[in-house]
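Examining the three-dimensional arrangement
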Amino acid sequence: MNLRMQYARPRNLEQATALMDALGTGTMVIAGGQELMPHLNYGRISPSVFLDVSGLSELQGVEETAEGVSIGALTVHRQIQTDPIISKSLPLLAYAAKQIGGGRQVHNQGTIGGNIVAMHPLYDIIPSLLALGAQVQIAGPEAIEIIPLSKLLTEASYQLGAKELLTRIIVPPMDSAQSWAYKKLKITTGSYSSANAVAIVDSAEDLNVRLVVGAVTELPIDLTESLAAEMKNSPNSELDVQIETACNAAVTDPISDQRGHGEYRKAMAGVVAKRAVNAAIEKLEAK
Ligand SMILES: Cc1cc2nc3c(=O)[nH]c(=O)nc-3n(C[C@H](O)[C@H](O)[C@H](O)COP(=O)(O)OP(=O)(O)OC[C@H]3O[C@@H](n4cnc5c(N)ncnc54)[C@H](O)[C@@H]3O)c2cc1C
């Protein structure tokens, strides 16, 4: 443990990015601390400086903008669950946040920004954001940029939490004609996913499905294009078979842990994906 650990609490974004730049290696951003404090308590991390961003107004609030719903990175899960703008425009995200375990402390302290930056394969928020086509705003010492969330997940060059800050998440509002479902397969109430899937369906006639499967591989898998290709190439197959085929082909390196062995997870990817798509279609037909 680093006994000389320091604490800094910048007053604004400019001060925060300048501090991150000046302090260098060993600096660790802390927001709600729901991810970091357990690691600190177990002695797994030992930062030289904790940079507490919880006072930055630039990372707060939920607002409707021309680009979409802009969600401050400091927005806690409880607010995602209950905020009127999110409930109206992004009901899928509100529902996914309600599936987070950990109880009131995690819901009232854990932030959407911390959840994204942690990039934990079993967490609940990223699959929905990917399906919704979210973008993220990142602030570094030199510039502020907006990139697709999918790019953040796959490019290793970003140093969020050490050199850069996730400031806002920008999500296109859902169309009220769309139907959606999030299915989380878990061992017990409140536990992490063994597999999860998000489906968004635009229209029942010309079936257009957005499908993301999470908690099966290190990163969520966007199956939207491969499912569309499968539906085009095997038009006579049942939808369930098409989903199963797309999942089987995409899950090549499943994770194994106490919530499920890789083979089980690979099999469950198809199961949970079918449940999500069928639930979304049923909701659409009931409209
Ligand atoms: C008991 C328990 C159960 C949980 N169950 C679930 C669950 O079922 N589903 C689920 O999805 N999650 C679950 N979580 C995880 C929880 O949702 C996340 O830990 C939480 O959202 C992290 O947010 P935070 O603000 O506390 O992050 P912190 O702990 O403050 O930080 C997490 C990481 O993100 C970085 N960071 C934070 N904010 C920023 C920022 N704005 N810019 C750059 N870097 C940043 C930090 O440097 C750190 O690396 C659980 C957590 C606990 C403790």
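**Examining the overall build of the protein chain**
Regarding its fold elements, the protein chain presents twelve helices and twelve strands. In summary, the protein chain has a C-alpha radius of gyration of 20 Å against a globular reference of 19 Å for 287 residues, a match within 12%. Summarising its shape, the C-alpha atoms of the protein chain cover approximately 65 × 45 × 35 Å along the three principal directions. Across the 287 residues in the protein chain, those meeting the buried criterion constitute 41%. Put simply, of all contacts in the protein chain between residues at least 6 apart along the chain, 63% involve residues at least 24 apart.

**A look at the sheet that holds strand 6 (residues 135–139)**
Taken together, the five strands give an open sheet; going across it, the order is 4-5-8-6-7, and neighbouring strands pair in antiparallel fashion. Strand pairing shows two members of the sheet lacking a second neighbour, strand 4 (62–65) and strand 7 (144–148), which therefore form its edges. In this sheet, adjacent strand axes meet at a mean angle of 25° when their direction is disregarded. As paired strands, strand 6 and strand 7 are joined by five bridges and run antiparallel to one another. In the strand pairing of strand 7, Gln137 is matched with Ile146.

**Points about the domain arrangement of the protein chain**
Splitting the protein chain by domain gives domain 1 (6–52), domain 2 (57–171) and domain 3 (180–286). Each of domain 1 and domain 2 has a C-alpha centre, and these two points are 19 Å apart. Looking at the side of domain 1 that touches domain 2, the elements with two or more residues in it are helix 1 (13–23) and strand 2 (27–30). Sorting elements by how many residues they give to the side of domain 1 that touches domain 2 places helix 1 first, with six residues. Residue composition of the side of domain 1 that touches domain 2, by class: seven nonpolar, six polar and two charged.

**As for the nonpolar core**
Ranked by size, the top nonpolar core spans 73 residues in total, and within it Ala199, Leu211, Val213, Leu223, Ala273 and Ala276 carry the most contacts. Among the elements that take part in this core, helix 12 (residues 262–286) stands out by supplying seven residues, more than any other. Contact partners of Ala276, with chain neighbours within four places excluded, come to Ala181, Tyr182, Lys183, Ala197, Val198 and Ala199.

**Side note on the site of the ligand**
Around the ligand, 33 residues are found, and the nearest of them are Gly32, Gly102, Gly110, Gly114 and Gly161. Among the secondary structure elements, those contributing two or more residues to the shell around the ligand are strand 2, helix 2 (36–41), helix 6 (103–109), helix 7 (112–118) and strand 8 (165–171). Counted by class, the shell around the ligand contains 19 nonpolar, twelve polar and two charged residues. Each of domain 1 (6–52) and domain 2 (57–171) contributes no fewer than three residues to the shell around the ligand.

**Quick notes on the sheet that holds strand 1 (residues 6–8)**
Strand pairing in a sheet relies on backbone hydrogen bonds. The paired strands run either parallel or antiparallel. Ordered in space as 1-3-2, the three strands form an open sheet in which the pairing is parallel. The open sheet terminates on both sides in strands that have one partner only, identified here as strand 1 and strand 2. Between one strand and the next, the sheet's axes are offset by a mean angle of 25°, whatever the strand orientation. Relative to strand 3 (residues 49–52), strand 1 runs parallel, the two sharing three bridges. Counted as the bridge partner of Tyr7 is Phe50 from strand 3.

**Quick look at the pairing of strand 4**
Sheet analysis places strand 4 next to strand 5 (residues 68–72), joined by four bridges and oriented antiparallel. Counterpart to Thr65 in the pairing with strand 5 is Gly68. With antiparallel pairing between neighbouring strands as the criterion, strand 4 and strand 5 make up a hairpin whose turn holds two residues.

**Let's talk about the packing of helix 10 (residues 224–233) against helix 11 (residues 239–250)**
Two elements in contact, helix 10 and helix 11, have axes whose closest approach is 9 Å; the angle formed by their N-to-C orientations is 130°. Taken together, the axes of helix 10 and helix 11 lie oblique to each other. Considering only the axes of helix 10 and helix 11, their crossing is right-handed. Taken together, the residues of helix 11 that come into contact with helix 10 (itself represented by Ser226, Leu227, Glu230 and Met231) are Gln242, Ile243, Thr245, Ala246, Ala249 and Ala250.

**With respect to unusual backbone geometry**
Even without being a glycine, Met119 presents a positive backbone phi close to 45°. With respect to the helices and strands, Met119 occurs in the loop between helix 7 and helix 8 (125–131). Non-glycine residue Ala215 carries a positive phi angle of around 70°. You can see Ala215 is positioned in the loop between strand 11 (209–214) and strand 12 (221–222).

Scoring rules and cut-offs
- Residues numbered from 1 in each chain as written.
- Predicted model: local features only at pLDDT ≥ 70, side-chain atom pairs only at ≥ 80, totals over all residues.
- Helix = DSSP H or I, 4+ residues; strand = E, 2+ residues; numbered from the N terminus.
- Rg over C-alpha atoms; globule rule 2.2 N^0.38 Å.
- Buried ≥ 20, exposed ≤ 12 C-beta atoms within 10 Å, placed from the backbone.
- Contact = placed C-beta atoms within 7 Å.
- Pairing = 2+ DSSP bridges.
- Axes fitted to C-alpha atoms, helices over the stretch in contact; angles between N-to-C directions.
- Domains from an automatic or database assignment.
- Nonpolar A, V, L, I, M, F, W, Y, C, P; charged D, E, K, R; others polar.
- Core = buried A, V, L, I, M, F, W, Y, C linked by C-beta atoms within 7 Å.
- Near = placed C-beta within 6 Å.
- Parallel < 35°, antiparallel > 145°, perpendicular 65-115°, else oblique.
- Left-handed = near helix turned anticlockwise from the far one by under 90°.

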